[in-house]
Amino acid sequence: MEEARGFVARLRAERFDEAVELFAPPLRAAVSAAALRLAWVTEVAGHGGFESVEEPVVEAAGKAGLVRVSIPVTCTSGSFAVVVSVGGDGLLQGLRLDPHGSAEWQTPQYAEAERFTEREVLVGTGPLAVPGTLSLPVGPGPWPAVVLLSGGGPFDRDGRSGPNKPLKDLAWGLASRQVAVLRFDKVTFAHPDRLSPHFTMADEYLPSALAAVRLLRQLPEVAADRIHLLGHSMGGKVAPRIAAADPSIAGLALLAADAQPMHEAAVRVARYLATLSPGASSDELVATLLGQASVVASAELTPDTPSHLLPLGFSAAYWLDLRAYDPVATAAGLACPMLILQGGRDYQVTVADDLTRWQAALAHRPEVAFRIHQDANHLFFPGSGRPTPAEYARPGHVEPAVVDDIATWLNR
């Protein structure tokens, strides 16, 4: 646990260059000092400012030879945890910042466990195959089906965020409404040590998603001509790209799908968080992101641009791939039906910056439907008041009306 304590001490002191020295080579290649700084400052600012660090807690072990340690960090308006996986050599093999709390996920009221069954599956083949869960309605079918695509980052199949599992909410809610659902761990969660440091958004999503569609198509309980994609956040952004690669996909449900170029959105979100916790660190973060975003937008960005000069610590390959992809234009070139949902309280993906772009390109098409859930945040959890990252740590569920919208659309 001393390695974990030392790592958090360096984060507290904002000695990020020293902090990444504790990373094993694969993690150091994936997470730069700049990305670590951004993650820490954003999390602290979103929770109202740092107060204290609590005693580390050893969690259930992950892979053999690793010890997983969770260190709670208390802030003015909430808390989060620094979760690290420490190898036998004392180096950090994995890292995430998690909403912290003692609450556990509870079954949402709209899920009826007796109406569906679940089994484990393997999505894809080879060293990058990922584990998943298939939820099947009780009965012969064949049922309409959906593949769930989680947002950006190393998410598990449930989209876990502290006590919350929004993708599991959706899977159980839809399976209770006679929809087959396949969800899976992202490759960035299951195999972070096997990815090239130059992986792209296409590498992050397409192989697993296309394999999931193929798996569903082989099942007698699934209607092969009614397999859809349901993407949340970046999963929604990439969904049109996946559908363009497999024209058999029957339709897209996009939840809080970002359409604004991501380097611009990163600056916008940082500015918003700075208003929640004003100070020199927040101002410096915004200034740094502005400079990094300008590199992405310019001719200066080449395959050789170092990741520390770019937003979020992503490689130049990742940003070049993102910059070349227009999700709205790609969606406009598809003939399939779409359902586009947006939360009115979402500060990460917004009505003004993102939904309006989808509407401008697609609102004239009768097979495209739009729904705004005014009280929903980025996770489509209901709330009120000014949204903050701290509310993601409070137990909640995807709104029943959101599940109803999607189930009704899929069963159309």
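Everything below is about the structure shown above.
About the criteria used
Residues numbered from 1 in each chain as written. Predicted model: local features only at pLDDT ≥ 70, side-chain atom pairs only at ≥ 80, totals over all residues. Heavy atoms only, no water. Salt bridge = Lys/Arg side-chain N within 4 Å of Asp/Glu carboxyl O. Helix = DSSP H or I, 4+ residues; strand = E, 2+ residues; numbered from the N terminus. Buried < 20%, exposed > 50% of the residue type's maximum accessible area, 1.4 Å probe, protein only. Pairing = 2+ DSSP bridges. Axes fitted to C-alpha atoms, helices over the stretch in contact; angles between N-to-C directions. Contact = heavy atoms within 4.5 Å. Right-handed = clockwise from strand over helix to strand, strands pointing away. Parallel < 35°, antiparallel > 145°, perpendicular 65-115°, else oblique. Left-handed = near helix turned anticlockwise from the far one by under 90°. Phe/Tyr/Trp six-rings, centres within 6.5 Å; stacked < 30°, edge-to-face > 60°. Lys NZ or Arg CZ within 6 Å of the ring centre and 35° of its normal.

**Q** Looking at this structure, I do not really get the pattern of salt bridges. What am I missing?
**A** Two side chains that carry opposite charge are able to pair once their charged atoms sit near each other. In this structure the tally under the stated criterion is 18 salt bridges. For Asp-404, the salt bridge is made with Arg-177, and the minimal N-O distance between the two is 2.5 Å. Of this pair, Asp-404 sits in helix α14 (residues 400-410) while Arg-177 sits in the loop between α5 (166-175) and β9 (180-184), and the two are 227 residues apart along the sequence. The exposure class assigned to Arg-177 is partly exposed, which follows from its relative accessible area of 31%. For Asp-258, the salt bridge goes to Lys-237, with nearest N and O atoms at 3.4 Å. You can see Asp-258 sitting in the loop between β11 (251-255) and α9 (262-276) and its partner Lys-237 sitting in helix α8 (residues 234-245), a full 21 residues away along the chain. The buried category is assigned to Asp-258, whose relative accessible area is 8%. Here Lys-237 falls in the buried class, since its relative accessible area comes to 4%. A cluster of three or more residues bridged by salt bridges with shared partners is formed by Glu-118, Asp-158, Lys-165 and Arg-183.

**Q** Explain unusual backbone geometry here, please?
**A** Across the chain, the bulk of peptide bonds are trans and the bulk of non-glycine residues have phi less than zero. Residue Pro-142 is reached from Gly-141 by a cis peptide bond, and omega for that bond is 0°. Inspection of the secondary structure puts Pro-142 in the loop between β7 (130-137) and β8 (143-149). The phi torsion at Glu-14 lies on the positive side, around 55°, for a residue other than glycine. Mapped onto the elements of the fold, Glu-14 is located in the loop between α1 (2-12) and α2 (16-19). Classification of Glu-14 by relative accessible area gives partly exposed; the value is 36%.

**Q** Sorry, what's going on with the sheet that holds strand β6 (residues 116-123) here?
**A** Across a sheet, paired strands are connected by hydrogen bonds in the backbone, their directions being either parallel or antiparallel. Here eight strands make up an open sheet; going across it, the order is β6-β7-β9-β8-β10-β11-β12-β13 and the pairing mixed. The two strands at the open ends of the sheet, each matched to only one other strand, are β6 and β13 (368-373). Each neighbouring strand pair of the sheet contributes to a mean axis angle of 20°, computed without reference to strand direction. In the sheet, β7 pairs with β9 via four bridges, with the strands oriented antiparallel. Residue pairing for β9: Gly-132 is matched across the bridge by Phe-184. In this fold α5 packs onto β6, β7, β8, β9, β10 (222-232) and β11, with an angle of close to 160° to the strand it touches most, β9.

**Q** In this structure, what is going on with the pairing of β9? I would like to understand it.
**A** Of all five residues that make up β9, five are buried, and the element is covered over most of its length. Handedness of the crossover joining β8 and β9 through α5 is recorded here as right-handed.

**Q** Honestly, the packing of helix α7 (residues 201-217) against α8 in this entry has me stumped. Any pointers?
**A** In a pair of packed helices, the angle between the axes and the distance between the axes together describe the arrangement. Interhelical geometry of α7 versus α8 gives an angle of 60° and a closest axis separation of 10 Å. As the angle between them shows, α7 and α8 are arranged oblique. For α7 against α8, the interelement crossing comes out right-handed. In this structure, α7 uses Met-201, Ala-202, Glu-204, Tyr-205, Leu-206, Ala-209 and Leu-210 to contact α8, whose residues at the interface are Met-234, Gly-235, Lys-237, Val-238, Arg-241, Ile-242 and Ala-245.

**Q** I tried to follow the environment of Ala-265 on my own but got confused; where do I start?
**A** The residue Ala-265 is located in helix α9 in this model. Overall, the relative accessible area of 11% leaves Ala-265 in the buried class. Note: C-alpha distance between Ala-265 and His-232 (33 residues apart in sequence) is 16 Å.

**Q** Sorry, what's going on with the packing of aromatic side chains here?
**A** The description of an aromatic ring pair uses the distance of the two centres, along with the angle that the planes make with each other. As enumerated under the stated definition, the model contains ten aromatic pairs in all. Aromatic pair Phe-7 and Phe-23: ring centres 5.7 Å apart, planes at 45°, arrangement tilted. With a gap of 16 residues between them, Phe-7 in helix α1 and Phe-23 in the loop between α2 and α3 (25-30) connect regions that are remote in the sequence. When sorted by exposure, Phe-7 lands in the same class as Phe-23, which is buried. These aromatic residues form a ring-pair network of at least three members: Phe-199, Phe-314, Tyr-318 and Trp-319. The residue whose ring lies beneath Arg-241 is Tyr-325, and the NZ or CZ to ring-centre distance is 5.1 Å. Residue placement shows Arg-412 over the ring face of Trp-409; its charged tip is 4.3 Å from the ring centre.

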